[in-house]
Amino acid sequence: MRILNLLKIAWRAIKLNKMRTFLTMLGIIIGVASVIAMLAVGEGSTQSIKTQISSMGSNMITIRPGAGMQGGVRTDPGEMQSLKLEDYESLRDQATLLTAISPQVSGSGQVISGANNWPSSIYGVTPEYLDIRVLELAEGSMFTSAEVKSAAKVAVIGQTIVENIFPDGESPIGKMIRFNKIPFKVIGVLEPKGENTFGQDQDDIILAPYTAVQKRILAIDYLQSIVASAVNEEQAPDAVEEVSAILRENHQITNPQEDDFNVFSMEELITALSSTSEILTVLLVAIAGISLLIGGIGIMNIMYVSVKERTREIGLRMAVGGKGADILIQFLIEAILISITGGILGVLLGISATLIIQNVFNWPTIVTLYSVIISFAVCAITGIFFGWYPARKAAALDPIVALRYE
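On a predicted model such as this, the values are computed, not experimentally measured, just so you know.

A. Quick peek at the overall build of the protein chain. Summing up its helical and strand segments, the protein chain has 13 helices and 10 strands in all. When the 406 residues of the protein chain are sorted by exposure, 45% land in the buried category. For the protein chain, contacts bridging at least 24 residues in sequence account for 78% of all contacts bridging at least 6. In the structure as shown, the protein chain presents an accessible area of about 20,400 Å², 59% of it carried by carbon and sulfur atoms.

B. Molecular detail of the nonpolar core. Counting 64 residues, the largest nonpolar core has Ile63, Phe143, Ile157 and Leu207 as the members making the most contacts within it. In terms of residue count, helix 8 (residues 236-251) provides more of this core than any other element does, 6 residues in total. Ignoring sequence-local partners within four residues, the contact set of Ile63 consists of Leu83, Leu91, Ser225, Ile226, Val243, Leu247, Asn262 and Val263. Listed in part, the 27 residues of the second largest apolar core include Met25, Ile327, Val347 and Val372.

C. Representation of helix 8 within the structure. Taking 1.5 Å per residue as the helical rise, helix 8 with its 16 residues ought to reach 22 Å, and the 22 Å between its terminal C-alpha atoms agrees with that figure. Taken together, the buried positions of helix 8 are Ala236, Ala239, Val240, Glu242, Val243, Ser244, Ile246, Leu247, Arg248 and His251. Taken from the residues just after helix 8, Gln252 is the one with a positive phi, measuring 55°.

D. Summary view of the packing of helix 11 (residues 324-360) against helix 12 (residues 369-395). Contact geometry of helix 11 with helix 12 gives a least axis separation of 7 Å together with a crossing angle of 150°. By the criterion of interaxial angle, the relationship of helix 11 to helix 12 is roughly antiparallel. As helix 11 packs across helix 12, the resulting crossing turns out to be right-handed. In terms of residue class, the contact of helix 11 with helix 12 is built from 18 nonpolar, 6 polar and 1 charged.

E. Spatial organisation of the environment of Met300. You can see Met300 is positioned in helix 9 (residues 266-309). In contact with Met300, not counting residues within four places along its chain, are Phe386 and Pro390.

F. Representation of the pattern of salt bridges within the structure. Under the defined criterion, the tally for this structure stands at 3 salt bridges. With its nearest N and O atoms 3.2 Å apart, the salt bridge here joins Arg92 to Asp93. The exposure class assigned to Arg92 is partly exposed, which follows from its relative accessible area of 43%. For Asp93, a relative accessible area of 56% corresponds to the exposed category.

G. Focus on the side chain of Glu334. Assignment of secondary structure puts Glu334 in helix 11. Residues in contact with Glu334, not counting those within four places in the same chain, are Ala10, Ala13, Ile14, Met303, Ser306 and Arg310.

H. Up close: the UniProt feature "transmembrane region" (unreviewed entry) in the protein chain. Under the UniProt annotation, the feature "transmembrane region" (unreviewed entry) is placed at residues 21-42, 279-307, 328-357 and 369-389. Annotation note: span residues 369-389, helix share 100%, strand share 0%, distance between end C-alpha atoms 32 Å.

I. Structural context of the packing of aromatic side chains. Tallied over the entire structure, the rule returns 2 aromatic pairs. Ring geometry for Tyr88 against Tyr210: centres 6.5 Å apart, planes inclined by 65°, an arrangement best described as edge-to-face. Taken together, the residues span a long stretch of sequence, with Tyr88 in helix 3 (residues 85-94) and Tyr210 in helix 7 (residues 210-218) at a distance of 122 residues. For the pair Tyr88 and Tyr210, a shared accessibility class is recorded, and that class is buried. Geometrically, the ring pair formed by Phe361 and Trp363 is tilted, given 5.7 Å between the ring centres and 40° between the ring planes. Among the residues examined, Trp363 registers a relative accessible area of 47% and is labelled partly exposed.

J. The arrangement of helix 10 (residues 311-319) in detail. Among the residues making up helix 10, those that are buried are Thr311, Ile314, Gly315 and Met318. Taken end-on, helix 10 shows its buried residues confined to a sector of 100°, consistent with a single buried face.

K. Main features of the environment of Asn262. Examined against the element boundaries, Asn262 turns out to sit in strand 10 (residues 261-265). Asn262 sits in the partly exposed class, given a relative accessible area of 27%. Taking C-alpha positions, Asn262 is 5.2 Å from Arg64, a pair spaced 198 residues apart along the chain.

L. A look at a positive patch on the surface. A cluster of basic side chains, namely Lys8, Arg12, Lys15 and Lys18, defines a positive patch on the protein surface. When residues of the positive patch are assigned to their parent elements, the largest contribution, 3 residues, is made by helix 1 (residues 2-16). Looking at the secondary structure, you find Lys18 in helix 2 (residues 18-55). Overall, Lys18 belongs to the exposed group, its relative accessible area being 60%.

Conventions and cut-offs
Residues numbered from 1 in each chain as written. Predicted model: local features only at pLDDT ≥ 70, side-chain atom pairs only at ≥ 80, totals over all residues. Heavy atoms only, no water. Helix = DSSP H or I, 4+ residues; strand = E, 2+ residues; numbered from the N terminus. Buried < 20%, exposed > 50% of the residue type's maximum accessible area, 1.4 Å probe, protein only. Contact = heavy atoms within 4.5 Å. Areas by Shrake-Rupley, 256 points an atom, 1.4 Å probe, with all protein chains shown as cover. Core = buried A, V, L, I, M, F, W, Y, C linked by side-chain atoms within 4.5 Å. Expected span 1.5 Å × (residues − 1). Axes fitted to C-alpha atoms, helices over the stretch in contact; angles between N-to-C directions. Parallel < 35°, antiparallel > 145°, perpendicular 65-115°, else oblique. Left-handed = near helix turned anticlockwise from the far one by under 90°. Nonpolar A, V, L, I, M, F, W, Y, C, P; charged D, E, K, R; others polar. Salt bridge = Lys/Arg side-chain N within 4 Å of Asp/Glu carboxyl O. UniProt positions renumbered as here; feature names shortened; annotations may be inferred. Phe/Tyr/Trp six-rings, centres within 6.5 Å; stacked < 30°, edge-to-face > 60°. Arc of directions from axis to C-beta. Patch = residues over 30% accessible without salt bridge, like charges linked within 9 Å, V, L, I, M, F, W, Y side chains within 5 Å. Lys, Arg positive; Asp, Glu negative; His and termini not counted. Charge placed at Lys NZ, Arg CZ, Asp CG, Glu CD.

Listed below in structure tokens is the structure:
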């Protein structure tokens, strides 16, 4: 019952100075709203990165030639030709943790149909490339293994190519296109995928048998890269080790430091990008947390003022039998009420700000329960921490001195 009376007294004291109380809450409100909004943006960005990379093939493994970079410059340009067809065949036949594998060679140039042309890239691959990159056909069909062996001049194109070289809306299936003067017959069109995490248009693509691209466009006998799909995401690291071991045996390498190839999985890319996003989120939340600190200092200042203004009241209550503990709890309750009320308003403002960011700026956001709980916990701690000292000072007043206070 005593606590209930103290709550009523504290609430009346707060209501007597509405504007001052609101201004005191403002730091808490802004701080809590900032923390919730920043965590929502950070969580949304991290999830968006994971989703977009997963759409490219979350268990995809990429093998590239070269021993890595030293000082930003590769030590031997010849190492860029270290991947051969034999490496692809060994991985295809020996790897147990890969479900699909495809060589990859690519070149840039102009794709032409009639009077229409468009700058694009052509990728030489095998039919398994669709599964590895999680691509689907909108119409037509993918080229076959037989067409890969015969280096057939057939192609599957993306929606961006369709829109720019077949602008009349006609179906491109069966039509001829030219890429750097080499004719290709269109046999399939890919489903649209949009831009990836790096802003690259995934629909601006032409797929053809790697043998045709090697011989007719690039005139090379080595592979620029090999892409594969691990059994699942959890086994991707083991698949990377297995691929590395097979390639070392092929290239007669005993020391891993001398590898003339690089193998990495999408999991590594997801981890790296997510770590960067999380670091930025922590920095943003730390900056937003400064507002909470300022809000706490504001509570301490206003409680000091309140103690000064009500010194005679405190003295009177103590003179008629009020205990120091009651005075302490009363002022502490006032500080906590200010902090908690500011926290509630801050949560509402933070969620509203998150919705505005999502709908106006089209940024991915996710409001998590833990961000609200943390904000509320911080509010309660702020109220207790910054309200304790002024409340303790009020409880320690001498009732006789307090009654004489002008």
